Amino acid sequence: MNKEGAFKEGLDKIETLLLCPSLTTGDKVALYLFQYKLHRNRLKNKKAQASILGAQALQKAAGISYSLDLQLLLAESYALTQQPQNFERLFPQIEKEIQHYTDSLTLGRFYFLKQFSVDRDRQSAQHINFLYKALEYFKNTTPENIYYKGNLLRSLGNGSRTHGDFDKAISFYSRELEVWREQYPPLHFNVSICHYNLGNVYYEKLEYQKALDHYLIAHPVWTTVFEPESHRMRSLNEAIGDMYWELQNHPKALEYFNYAVLYEEKVNNDTSEITLTVADSLLNKGNYASAINYYEEAVKWRQKTYGENHMLTGACKNFVARALQSAGDMEASLDAYQEAIIILVKGFEDTSWYANPSADMNIQSHQYLLEALIAKGNLLKELYTEHNDVKDLTAAWDTQALAIQLVEKIKNNQMSEGSKVFWSTKTTSLLESAVDTAIQLYHTTGEIDYLEKAFYVSEQSKAFLLLASLYDQEITAFANIPKEIIEKERIIKAEINEYVGRIESEEKRCAAVRQKMLKLYTDKLHTLQNEYDVFINTISQEFPQYYKLKYNVEIPSVQAIQKKLLVTSNALISYFLGAKNSYVFYVTSENISVRVIENTEDLNSQIQTLFALLSTPNENNGDSVFQNYKQTAFQLYQRLLQPEVGAFMPKQLMIIPDGNLAYIPFEALLTESSTETNYARLPYVLQKTAISYAPSASVAMHFYTENGNGLDYYGFAPDYSQEADGEFRKKQANLRFNIPEVEFAASLFNGQSWTGPEVTEELLREYSKKAGILHLAMHGEVEDEHPLLSKLYFNASEKEDGLLNMYEVYNLSIPSQLVILSACKTATGKLQRGEGILSLERAFQYAGSKSLVATLWSVDDAASSKITQDFLKNIKEGQSKDVALQQAKIAFLATANPERLHPFYWSSFKLTGNTHPLQKGNLIYYFVFGGLLLLLGGVWLFRRNIKKNVA
């Protein structure tokens, strides 16, 4: 019965057996121990303790020494019933005895208990490590360990959810669900708890339909386990009602809200039901604001059930505030949000709207506090609009700045990349509002500090994961910790990337026969992720300064950016595309300015039109397409560039795009309305300035920290003519110009090239880490739905399939000065808000490449070869990389056949990263060596002068 999860039936059976007169003391002890486990499995911890104490009393009366099994269960009971003194008295004895045991079940149970021996708040790293250690001993699910394995995964899920790592929480809860399903029927109570927890996480991720699906699975089970008036049942009904409300199904929302308040009078012992009935009636009509009284009663219920200062009470206060805001009562809403903040931050008691806690205070829930702060900041901005009191606008900025600080605090921790992306996406509206607030303050007060803050916030919205990776690579270079630890982290992360890619590949194939393979990969990934979490937690304990530095990614100041990236002849333009309006920041070596572009929706429409005109050379309706292109390219120039650079165009211009702007080449914009009828003579931006790109100014700073490898050239150009279609790879059309392109470059730089039918991934892995210039001329393919599977096509070998996937590039070390991705669509891919385009170009940036030439769409083989060869000749002559690419494109326009003058043929190529001319090696080496030569020369001259004087 225990094995099948029939706990209640098992307890009934034990009660019957205990009445048997012929039972020995040993029999009774065994039954009490089983009774303990069944009560414990039903979460009846007090009843379970009575059983274990009964077993202990029987053994004591019979003079039988306590077995380790009984001591483990007794300590477990003390922990589950929160009796720390009894636990601390017993646990040291268990620690002594455990040394004589080697079986997995006993050791796993010991580490399960050890989690209770540390303060989970103050020693969270140790606590989590003990959970992982226990989990290691329960790799295979058995009836004996199922309770421990399931609850360990639940604890890890709860911890991840508390820290905002929702993707990881979903992973743990889903694994827990698998554990229970292996042993128990689909409607078992433990299965329902998993669904409830999964529902909560999806609720917080704003994925309401998924949340509702899980809640509805739990609901019929809970109705048979809990009384209708229990707080658990009320919480579930409230959650289901909330989901229906968010999904615009108001009648169903009312139905479950009514379930939640059916026993309100019985629970609260007050006369709130009439008020609630009225509120529910109004709620049913879709008038959310009129439900205020309902939410206020819900607050009272939570105060009585959980306590006045519990975080769930604070969360409910947010609902009250939101309803008041919807009703138009701004001041009452601000009061309610301030009350929520006071509840959610221990030690903060200021009731003034203009007061905020510190991010370092004792915060009960970052998520609920973030919700309150975001809403409060927006309300204060509305208040400023009404009263025009700058005090309100300043308070709005202070509140939003604190909210942003909280988001960064959540993201600057060890958590899954998916969760970091979620937090970046979730807070986009916060960042947009904060940028607008800071700009309003700048225009109102004239204080340049607010303009710099607006730019700083816009930087926080861009390429956070890439920035964190580059930052991590840099600090490990000088971190004062053993090299073997750095290497161990690199190996674990590489394996995780590998298995994430393999799993995505298997999921894409969707072949039933490969489900076993997928299961093996998934299990291996879970093991690696657990190992990495333990490793990072250990780092936090043994090397706290390094850990703090590792997860404290910094955004540089405007002054730092001006000093490092900009000189008098160049400038930087950074875009921030909001939902309503967009912003243009123009930064030179001495100044910064900002401009608002109204109507982002219309701007995006123009961007999409231009991309369609550029990426496909439409031979039909040629004149109408030509006119449409001229009009759109000029209109976009007027909106994106002209106000900043129309009067004075810098020689070099760094573009930091946002959103869909990352898909278009700014070089192809037109600086004036033109009556020209020839593509070659149009007034392109290309002819005015050399343009380069960067994911963000913060990331660009890292492109200029080192010069990478020397000038060693390595080129790769496969021949596909001898290939045939395979199971996972289609035959690629042969390229006519890729081999001559690479051979030319190898000759130009006196480097090495690999061409022909045996250009394999192994060759790239062997030589890429040495390359100063890495040149890949081959086919490429973008996977929008599975970005990690975007790939470059090498030749297959006995060991490798010849498909260099994006996830494999992440694991390479390519600190090249320049990487040329002479393949189709290497700079394009899926756009991820807050991160940019998930492209192959980006993967090479992760791998350490300082500068890349990549393509925005499918390129013409001959045009690609011509532009690339001219570009390489220009950089060989010492030109900066952006100027070299500019001049190569201008030369192409001057010499190309008329049918290849369309911007499709030349504007796809873009330069991202460091624009400096190629360096012969590490500058530090040359500075030191040059300084030494100067010193020796000075000594020689000094001695020579002495000899002359003596003579």
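Just so you know, these numbers come straight off a predicted model, no measurement behind them. (Residues numbered from 1 in each chain as written. Predicted model: local features only at pLDDT ≥ 70, side-chain atom pairs only at ≥ 80, totals over all residues. Heavy atoms only, no water.)

Draft legend 1. Spotlight on the overall build of the protein. Secondary structure assignment for the protein yields 39 helices and 18 strands. Computed over C-alpha atoms, the radius of gyration of the protein comes to 33 Å, within 12% of the 30 Å expected from 2.2 N^0.38 for 951 residues, which places it in the range of a compact globule. Dimensions along the principal axes, computed over C-alpha positions, put the protein at roughly 110 × 80 × 70 Å. Taking all 951 residues of the protein together, the buried fraction comes to 55%. The contacts of the protein with a sequence gap of at least 6 include a subset with a gap of at least 24, amounting to 69%. (Helix = DSSP H or I, 4+ residues; strand = E, 2+ residues; numbered from the N terminus. Rg over C-alpha atoms; globule rule 2.2 N^0.38 Å. Buried < 20%, exposed > 50% of the residue type's maximum accessible area, 1.4 Å probe, protein only. Contact = heavy atoms within 4.5 Å.)

Draft legend 2. Expanded view of the environment of leucine 821. Its place among the elements puts leucine 821 in strand β14 (residues 818-822). Sequence separation between leucine 821 and leucine 852 is 31 residues; the distance between their C-alpha atoms is 7.3 Å.

Draft legend 3. Structural detail: the nonpolar core. Ranked by size, the top nonpolar core spans 185 residues in total, and within it Ile94, Trp222, Phe455, Leu565, Leu572 and Phe585 carry the most contacts. If sequence neighbours within four positions are ignored, phenylalanine 585 has contacts with Val435, Ile439, Leu451, Ala454, Phe455, Ser458, Leu572, Ile573, Ser574, Ser593 and Val594. Core analysis: the next-biggest nonpolar cluster, separate from the first, contains 104 residues, Ile597, Leu641, Val759 and Leu918 among them. (Core = buried A, V, L, I, M, F, W, Y, C linked by side-chain atoms within 4.5 Å.)

Draft legend 4. Structural detail: the packing of aromatic side chains. This model, assessed by the stated rule, comprises 44 aromatic pairs. The interplanar angle of 75° and the centroid separation of 5.6 Å between the aromatic rings of phenylalanine 189 and phenylalanine 226 together place this pair among those described as edge-to-face. With phenylalanine 189 in helix α10 (residues 189-204) and phenylalanine 226 in the loop between α11 (208-225) and α12 (231-246), this residue pair connects regions lying 37 residues apart in the sequence. Ring geometry for tyrosine 714 and tyrosine 767: centres 5.6 Å apart, planes at 35°, overall tilted. Of this pair, tyrosine 714 sits in strand β8 (residues 713-718) while tyrosine 767 sits in helix α34 (residues 761-767), and the two are 53 residues apart along the sequence. A residue is classified by how much of its surface remains accessible, and tyrosine 767, at 17% relative accessible area, is buried. Here the basic side chain of lysine 133 rests over the ring of tyrosine 111, its NZ or CZ set 5.8 Å away from the ring centre. The residue whose ring lies beneath lysine 391 is tyrosine 354, and the NZ or CZ to ring-centre distance is 4.3 Å. (Phe/Tyr/Trp six-rings, centres within 6.5 Å; stacked < 30°, edge-to-face > 60°. Lys NZ or Arg CZ within 6 Å of the ring centre and 35° of its normal.)

Draft legend 5. Examining the packing of helix α17 (residues 311-326) against helix α18 (residues 330-344) more closely. Interaxial distance between α17 and α18 falls to 8 Å at its minimum, and their mutual angle equals 170°. Looking at the two axes, α17 sits roughly antiparallel to α18. Between α17 and α18, the residues in contact are Met311, Thr313, Gly314, Lys317, Asn318, Val320, Ala321, Arg322, Leu324 and Gln325 and Ala332, Ser333, Ala336, Tyr337, Glu339, Ala340, Ile343 and Leu344, respectively. Counted by class, the contact of α17 with α18 contains 10 nonpolar, 5 polar and 3 charged residues. (Axes fitted to C-alpha atoms, helices over the stretch in contact; angles between N-to-C directions. Parallel < 35°, antiparallel > 145°, perpendicular 65-115°, else oblique. Nonpolar A, V, L, I, M, F, W, Y, C, P; charged D, E, K, R; others polar.)

Draft legend 6. Up close: the pattern of salt bridges. Counted by the stated rule, this structure contains 39 salt bridges. The residue lysine 168 makes a salt bridge to aspartate 165 at a minimum N-O spacing of 3.6 Å. Side by side, lysine 168 and aspartate 165 carry an identical accessibility label, which is buried. Here the residues in one salt-bridge network are Asp167, Lys205, Glu207 and Lys210, joined through shared partners. (Salt bridge = Lys/Arg side-chain N within 4 Å of Asp/Glu carboxyl O.)

Draft legend 7. Geometry of the sheet that holds strand β12 (residues 791-793). Read from one edge to the other, the open sheet built from 3 strands follows the order β11-β12-β13, with strand pairing classed as antiparallel. Strands with a single pairing partner mark the edges of an open sheet, and in this sheet they are β11 (780-781) and β13 (803-805). Bridge count between β11 and β12: 2 bridges; the pairing is antiparallel. Bridged to glutamate 781 within β12 is lysine 791. (Pairing = 2+ DSSP bridges.)

Draft legend 8. Geometry of a positive patch on the surface. On the surface, a cluster of positive charge is made up of Arg42, Lys44, Lys47 and Arg232. In this structure, arginine 42 sits in the loop between α2 (25-41) and α3 (45-61). You can call arginine 42 partly exposed: its relative accessible area is 30%. (Patch = residues over 30% accessible without salt bridge, like charges linked within 9 Å, V, L, I, M, F, W, Y side chains within 5 Å. Areas by Shrake-Rupley, 256 points an atom, 1.4 Å probe, with all protein chains shown as cover. Lys, Arg positive; Asp, Glu negative; His and termini not counted. Charge placed at Lys NZ, Arg CZ, Asp CG, Glu CD.)

Draft legend 9. How the structure looks around unusual backbone geometry. Despite not being glycine, asparagine 388 shows a phi value in the positive range, around 60°. If you trace the backbone, asparagine 388 turns up in the loop between α19 (366-387) and α20 (390-411). Its identity is not glycine, yet lysine 825 carries a phi of approximately 60°, on the positive side. Locating lysine 825 in the fold gives a position in the loop between β14 and β15 (830-832). Looking at lysine 825, the relative accessible area reads 35%, which means it is partly exposed.

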